[in-house]
Amino acid sequence: MQSDKFPSERQAPDHYTTLEVAKILGMAVRSVQLMVDRNELEAWKTPGGHRRISRTSVERWASAHGLAGAGSAPISPAPPPAPATRSSTPAAQSATPASVHAPQILLIEDSVHFQNLVGLIVKQHFPGAVLQVANDGITGLALYGQIQPDVLIVDILLPGIDGATLITTLRSHPQFARSHLIVVTSLDEAQREPYAFALQGVKVIHKPRLVAELPAVLATCLPQGQVPS
């Protein structure tokens, strides 16, 4: 069955421009360019120097990252699809009235240990929230575009695209203004200096302090009246 993410076989070209791929995947153009540079997408240049990206490779990447059901707009307010990454949907959500928005938290973190730790914190302190997890920056960018979370938790050191670059990329989207940003890192203050350009005004939690500090920080970020006491 043809996904509604892509045009039908009769309508679709065999290649896209960089901008078209960015819209399809819900990413910044620069992120798509980085994917091409890493050979994650098949691309070539026309005689005029314009980049063209294979439609097949775009569909293959989207399918591998669980984005086959996403809309074509870069930032879509549609309900989140079943993620190919990981999600934690609380049992309490089924009892939440339809008119009440279940707070969405997106964690972009490649460490399974810290994925599980954040999951336990959210489950214990904010059982009405929904946690989505992405294992790398590129997948996180795409998932952010789909769910537009209330809170975005990002590690600085990530495979594919580091957290600082990811933050800078997201800030180019006007919709990013609605999300609260929390950075978690194992780096101490001196080691964070190269990333200072992206961390100004951002709450940073040192991972050894995660259990002690994250609940209080999340409490100030999640929508009032939507998190059970």
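Everything that follows concerns the structure shown earlier in this document.
Residues numbered from 1 in each chain as written. Predicted model: local features only at pLDDT ≥ 70, side-chain atom pairs only at ≥ 80, totals over all residues. Heavy atoms only, no water.

1. Focus: the sheet that holds strand 1 (residues 15-16)
Here three strands make up an open sheet; going across it, the order is 1-3-2 and the pairing antiparallel. Taken across any chain shown, the strands that pair with only one partner, and hence form the sheet edges, are strand 1 and strand 2 (43-45). In terms of strand pairing, strand 2 meets strand 3 (residues 51-54) through three bridges, oriented antiparallel. Directly across from A43, in strand 3, lies its bridge partner I53. Each of strand 1 and strand 3 touches helix 3 (residues 55-64); the most contacted strand, strand 3, lies at about 55 degrees to it. (Pairing = 2+ DSSP bridges. Helix = DSSP H or I, 4+ residues; strand = E, 2+ residues; numbered from the N terminus. Contact = heavy atoms within 4.5 Å. Axes fitted to C-alpha atoms, helices over the stretch in contact; angles between N-to-C directions.)

2. Focus on the pattern of salt bridges
Under the counting rule described, the total for this entry stands at seven salt bridges. Between E109 and K207 there is a salt bridge whose closest N-O contact spans 2.9 Å. One end of the pair, E109, is in the loop between strand 5 (104-108) and helix 4 (112-125); the other, K207, is in the loop between strand 9 (203-206) and helix 8 (210-221), and 98 residues separate them in sequence. Take E109: its relative accessible area is 1%, and that puts it in the buried class. For the salt bridge of R178 with D150, the shortest nitrogen-to-oxygen distance reads 3.5 Å. Taken as a pair, R178 in the loop between helix 6 (163-170) and strand 8 (180-185) and D150 in the loop between helix 5 (137-147) and strand 7 (151-155) lie far apart in primary sequence, 28 residues in all. Among the residues examined, R178 registers a relative accessible area of 40% and is labelled partly exposed. A relative accessible area of 7% places D150 in the buried class. A single network of salt bridges, built from pairs that share partners, joins E109, D155 and K207. (Salt bridge = Lys/Arg side-chain N within 4 Å of Asp/Glu carboxyl O. Buried < 20%, exposed > 50% of the residue type's maximum accessible area, 1.4 Å probe, protein only.)

3. Remarks on the packing of aromatic side chains
Applying the stated criterion to the full structure yields one aromatic pair. Ring plane angle 55 degrees and centroid distance 5.9 Å describe the contact between Y144 and F176, whose orientation is recorded as tilted. Taken together, the residues Y144 in helix 5 and F176 in the loop between helix 6 and strand 8 connect sequence positions 32 residues apart. Assessed through its relative accessible area of 1%, Y144 is described here as buried. Judged by its relative accessible area of 9%, F176 falls in the buried class. (Phe/Tyr/Trp six-rings, centres within 6.5 Å; stacked < 30°, edge-to-face > 60°.)

4. A short note on the pairing of strand 8
Strand 8 sits mainly inside the fold: five of its six residues count as buried. In this structure, strand 7 lies alongside strand 8, joined through five bridges in parallel fashion. Within the sheet, the bridge partner assigned to V151 lies in strand 8 and is H180. Crossover strand 7 to strand 8 through helix 6 is right-handed. Taken together, the four bridges between strand 8 and strand 9 define a ladder with parallel strand orientation. The residue of strand 9 that forms the bridge with T185 is H206. (Right-handed = clockwise from strand over helix to strand, strands pointing away.)

5. Things to note about the environment of L131
For L131, the location among the structural elements is in strand 6 (residues 130-134). L131 sits 20 residues away from V151 along the chain, and the two C-alpha atoms are 9.5 Å apart.

6. Focus on the packing of helix 1 (residues 18-25) against helix 3
Packed helices, taken two at a time, are described by their axes: the angle between them and the distance between them. Taken N-terminus to C-terminus, the directions of helix 1 and helix 3 make an angle of 20 degrees; their axes are 11 Å apart at the nearest point. On the basis of their axis angle, the class for helix 1 and helix 3 is roughly parallel. Here helix 1 runs over helix 3; the crossing is right-handed. Of the residues in helix 3, those in contact with V21, I24 and L25 of helix 1 are V58, W61 and A62. Residues of the contact of helix 1 with helix 3, tallied by class, amount to six nonpolar, no polar and no charged. (Parallel < 35°, antiparallel > 145°, perpendicular 65-115°, else oblique. Left-handed = near helix turned anticlockwise from the far one by under 90°. Nonpolar A, V, L, I, M, F, W, Y, C, P; charged D, E, K, R; others polar.)

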